[in-house]
Amino acid sequence: KVHHTLLMTGAAGGLGTAMRDRLKANCEVLRLSDRSDFGAARAGEEVVLADLADAAAVDAMVKGVNAIVHFGGISLEGPFEPILQANILGVYNLYEAARKHGVKRVVFASSNHVTGFYKQSETITLNHPARPDSLYGVSKAFGEDLSRMYFDRYGIETACVRIGSSFAEPRDRRMLASWLSFDDLHRLVTACLTTPVLGHTAIFGMSDNAVTWYDNSAARHVGYVPQDSSDPFREAVYARTPEPDVTDPAVIYQGGGFLFQGEPMTA
Ligand code: NAI
Ligand code: 15L
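A few words on the site of ligand 1. Residues in contact with ligand 1 amount to 27 residues; listed here are only the nearest, L15, D34, S75, Y136 and S166. Interatomic distance of 2.9 Å between a backbone N/O atom of G14 and an oxygen atom of ligand 1. Between ligand 1 and S166, the relevant distance is 2.6 Å, taken from an oxygen atom to a main-chain nitrogen or oxygen of the residue. Where the shell around ligand 1 is concerned, the elements lending two or more residues are α1 (14–20), β5 (105–111) and α4 (135–154). No other element matches the three residues that β5 contributes to the shell around ligand 1. Class assignment of the residues belonging to the shell around ligand 1 gives a composition of 11 nonpolar, 12 polar and four charged.

Taken together, S75, L76, S111, N112, H113, Y136, G164, S165, F167, R174, M175 and F258 make up the full set of residues adjacent to ligand 2. Within the side chain of S165, one N or O atom sits 2.5 Å away from an oxygen atom of ligand 2. Starting from 320 Å² of accessible surface for ligand 2 in isolation, the protein chains cover 83%. Within the shell around ligand 2, the residues separate by chemical class into five nonpolar, six polar and one charged.

Any two side chains of opposite charge can pair, on the condition that their charged atoms come close. The tally for this structure, following the rule as stated, stands at 12 salt bridges. With its nearest N and O atoms 3.4 Å apart, the salt bridge here joins R42 to D21. On the criterion of sequence distance, the pair formed by R42 in the loop between β2 (27–32) and β3 (45–47) and D21 in the loop between α1 and β2 is long-range, its members being 21 residues apart. Judged by relative accessible area, R42 falls into the partly exposed class, the value being 45%.

Before going further, it helps to examine the nonpolar core. Formed by 61 residues in total, the largest nonpolar core has its most connected members in V62, I68, F71 and Y95. Looking at which element gives the most residues to this core, the answer is helix α6 (residues 182–194), with six residues. Leave out the neighbours within four places in its chain, and F71 touches M8, T9, G10, L15, G16, M19, A109, I163 and L185.

On to the sheet that holds strand β4 (residues 67–70), then. Strands sit in the order β3-β2-β1-β4-β5-β7-β8 across an open sheet of seven strands; the sheet is parallel. Among the strands making up the open sheet, the edge pair consists of β3 and β8 (200–205). When the angles between neighbouring strand axes are averaged without regard to direction, this sheet yields 20°. The sheet contacts of helix α3 (residues 80–101) involve β1 (3–9), β4, β5 and β7 (157–163), and relative to β4 the element is tilted by about 170°. The strands touched by α4 are β5, β7 and β8; relative to β5, the strand with the most contacts, the crossing angle is about 160°.

Definitions and cut-offs
Residues numbered from 1 in each chain as written. Chains lettered and ligands numbered in written order. Predicted model: local features only at pLDDT ≥ 70, side-chain atom pairs only at ≥ 80, totals over all residues. Heavy atoms only, no water. Near = heavy atom within 4 Å. Polar contact = N/O pair within 3.5 Å; in protein donor to acceptor, adjacent residues only side chain to side chain. Helix = DSSP H or I, 4+ residues; strand = E, 2+ residues; numbered from the N terminus. Nonpolar A, V, L, I, M, F, W, Y, C, P; charged D, E, K, R; others polar. Areas by Shrake-Rupley, 256 points an atom, 1.4 Å probe, with all protein chains shown as cover. Salt bridge = Lys/Arg side-chain N within 4 Å of Asp/Glu carboxyl O. Buried < 20%, exposed > 50% of the residue type's maximum accessible area, 1.4 Å probe, protein only. Core = buried A, V, L, I, M, F, W, Y, C linked by side-chain atoms within 4.5 Å. Contact = heavy atoms within 4.5 Å. Pairing = 2+ DSSP bridges. Axes fitted to C-alpha atoms, helices over the stretch in contact; angles between N-to-C directions.

Structure below.
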């Protein structure tokens, strides 16, 4: 166990719930946080409720931890104000607290929506510029840039994990390319927490899917080796979902349906 006390934000959410028990293997004490109540601490846990927009609460949440897995925030496209509070002000508060309290490593849950305006016919590398598909995607791009500044200025290492679609199973045809199993997510977070020199890096978070839009070769130093694949789900997903309309932007672009949330597109 590399870290004594590990903080996981977003503990009440989907990934927080899935990672709660798994991350116990990575630390002596797992501190869990969310703004929503998710019940009492279990053995080996601490619970600190905090709204990410509240700098004082975030400071108290971060004080005394050795590393952070940051899942907390708005996880879908929607009105700007909550995104601003949770994902922009919130990530600033988190890094300020990390700087003040000497936390040296963060795993930041970024998103495939940072690059959602690349086409599904393209395989993108980590050197491709961001092309966010939504205000949500822009907020994650902000977190990626902010964390780079905190690395360059203060030496806080961060892996910006551009999670594809992390659910129990791939739900549709798009997720056959973007799916990240919970076990692979845990492998990826573990690699980010334990690789000797992380630096500042982005890394796409996907399982070993046959169809993929993502090339992680610029992040080999992280040592992430996925062991699951969406491939065994392919036939069942094809059988229960309609033939894709290849003129539909949700099928053309990697971000899928996120392009259609918010104000309608004009182009
Ligand atoms: P989720 O929406 O289920 O969980 C997010 C949690 O953050 C919620 O429990 C919510 O209460 C908390 N939260 C929201 N605003 C907050 C605030 N202002 N202060 C404190 N807590 C706040 O999302 P999920 O699926 O668990 O995702 C976790 C993280 O991973 C999110 O940052 C999301 O953007 C990112 N991600 C997830 C993907 C997935 O496939 N599940 C894909 C790409 C990124
Ligand atoms: C995300 O960023 C969301 O947080 C998640 O709920 C999924 O919608 C995922 O992307 C996706 O693209 O499938």
